[in-house]
Amino acid sequence: MNPVARRSRKDPVFLTAIGMAPVAIGSVCLSDALALGGSVAFTALAAAATAPFARRLVVRPFQRLATILVVAAAASLWALGVRALAPELWDRLQFWLALAGANCMALAAAGVSGEDEDLSRLPGRLVTSLLFFLAALALGASREFLSTGTISLPFLPSGPLAEGAVDAPLLRIAALPPGGFLVLGIGIALVRRLKRSIGRKA
Amino acid sequence: MSLVGIAFMSVFGVNALLRYGAGICSASRGTTVPRGLAGSLAFLGSALAAGTLHGLLMRFALRPLGLETLDPFVFALVSSATGFALSLGASRLRGAFAARLAESFDRLAPSCAIYGIALAASGLARSGSAILAASFFGALGYLAASAILDSIRERLELERLPDAFKGAPAYFISAGLLALAFHGLESMLGPMFGGLR
């Protein structure tokens, strides 16, 4: 078993953040990653904040249901915000947005039974969510660059690299669902390699 | 989209990889990959019940009212209710198998896997029978892919890989390649099965 996984088994935000699958598949470009990564980070924080309250305020048989409903409401709220601000983006991502919300629901149900989960851990969860959000942005931006040769900024028609966009992209597969996993796997390996080489120099 | 397409979506869109890629989520309720006959039957039953109910609610209530954004909330209610009803039904039966079945129903209720199947079925299939078929084939595809991914994972542990690629990166890359194969299969077989609408 991965030692990092063992160490973080009780961190619901980490558990949620690990659920990269909908984000990895759905984030074909930076703006997609912004909506999907933000959804998971927001919903995961809602889950982390709800779990301690649910344990104190709700009777045991209904704790899991109460947490799931609050997390589902948070996911719906985020989707509502995306729909109001960027209807085209919502049209394209509604399947993945809903799925990312459900992922958080399932993992929140796991978090509510964690006995050491209390509000003092919330700042730590905030940092984990932020890191996850940044990782999702990096993934979306890499996929967009590899598949189109450009990175477009959200809410702008084209990004700073649009003029230099290549006619024949390096890796068109990066825009397909399988490309999400390939880029994610190679990305994790590169980060590991980088960390090791920095560690050797230090 | 074809039945193969829905199976593909449910497999790679609903976090079979959550457990596969990270290796930690078998400890999480709701993301447990079904094990054994009882687990598989419970998964098929939950996916069929929640998928069909969710599909019908989407078709007759949420979409006509423009309330699709409430989808996760409605699913939470539907899946909890069906999970409770199925678990209650199984607990009325006697024997160790029925007890395992009841426990599996309870564990699977909020599963993102079931939700993904329900979502794909309701989004891609329009008629009642198509929703039912899509839910069933989605669940079957998920079970098949879980078994394949587990076998690949066991095999990968025996391989001599570069240190940076050991663990999650190798799992994600092999899953990506498997997803690519499913994608090709969907393009090839999809037209033979035809659309579901």
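Residues numbered from 1 in each chain as written. Chains lettered and ligands numbered in written order. Predicted model: local features only at pLDDT ≥ 70, side-chain atom pairs only at ≥ 80, totals over all residues. Heavy atoms only, no water.

Undergrad: Explain the packing of aromatic side chains to me, please; I cannot follow it from the model alone.
TA: When we look at a pair of aromatic rings, we describe it by the centre distance and by the angle of the planes. Applying the stated criterion across every chain, the model contains two aromatic pairs over all chains. Ring centres of Phe181 of chain A and Phe172 of chain B lie 6.4 Å apart, and the angle between their planes is 10 degrees; this geometry places the pair in the stacked category. Highlighted residues: Phe181 of chain A in helix α8 (residues 177–201) and Phe172 of chain B in helix α8 (residues 168–193), drawn from two different chains. Like Phe181 of chain A, the residue Phe172 of chain B is buried in the burial classification. Geometry around Trp90 of chain A places Arg83 of chain A over its ring, the cationic atom sitting 4.2 Å from the centre. (Phe/Tyr/Trp six-rings, centres within 6.5 Å; stacked < 30°, edge-to-face > 60°. Helix = DSSP H or I, 4+ residues; strand = E, 2+ residues; numbered from the N terminus. Buried < 20%, exposed > 50% of the residue type's maximum accessible area, 1.4 Å probe, protein only. Lys NZ or Arg CZ within 6 Å of the ring centre and 35° of its normal.)

Undergrad: Explain helix α7 (residues 122–148) of chain A here, please?
TA: Residues separated by three or four positions in an α-helix point in the same direction, a consequence of the helix having 3.6 residues per turn. For α7 of chain A, built from 27 residues, the straight-helix expectation of 39 Å at 1.5 Å per residue is met to within 8% by its first-to-last C-alpha distance of 39 Å. Two residues or fewer past α7 of chain A, Gly149 of chain A is found with a positive phi of approximately 80 degrees. (Expected span 1.5 Å × (residues − 1).)

Undergrad: Help me out: how do you make sense of the side chain of Thr69 of chain B in this one?
TA: Along the chain, Thr69 of chain B turns up in the loop between α3 (36–65) and α4 (71–92). Setting aside residues up to four positions removed in sequence, Thr69 of chain B forms contacts with Ser76, Ala79, Leu80, Arg83 and Trp90 of chain A. (Contact = heavy atoms within 4.5 Å.)

Undergrad: What should I look at first to understand the confidence of the model for chain B in this one?
TA: Low-pLDDT stretches of the model should not have their predicted coordinates read in fine detail. Residue and element names in this part refer to chain B. Of the residues in chain B, 72% have a pLDDT of 70 or more, and the chain-wide mean is 73. Within chain B, no element has a lower average pLDDT than helix α2 (residues 16–22), which sits at 48, and none a higher one than α3, at 83. Confidence over residues 21–32 falls short of pLDDT 50; this stretch has 45 contacts with residues more than four positions distant or in other chains. (pLDDT = per-residue confidence, 0-100.)

Undergrad: Any chance you could explain the environment of Leu44 of chain B here in plain terms?
TA: Residue and element names in this part refer to chain B. Tracing the backbone through its elements, the reader meets Leu44 in helix α3. With 96 residues separating them in the primary sequence, Leu44 and Leu140 have C-alpha atoms 7.2 Å apart. Residues contacting Leu44, with those up to four places away along its chain left out, are Phe136, Ala139, Leu140 and Leu143.

Undergrad: Any chance you could explain α3 of chain B here in plain terms?
TA: The end-to-end C-alpha distance of α3 of chain B, which contains 30 residues, comes to 41 Å, matching closely the 44 Å that a straight helix rising 1.5 Å per residue would cover. Following α3 of chain B by one or two positions, Gly66 of chain B adopts a phi angle in the positive range, close to 70 degrees.

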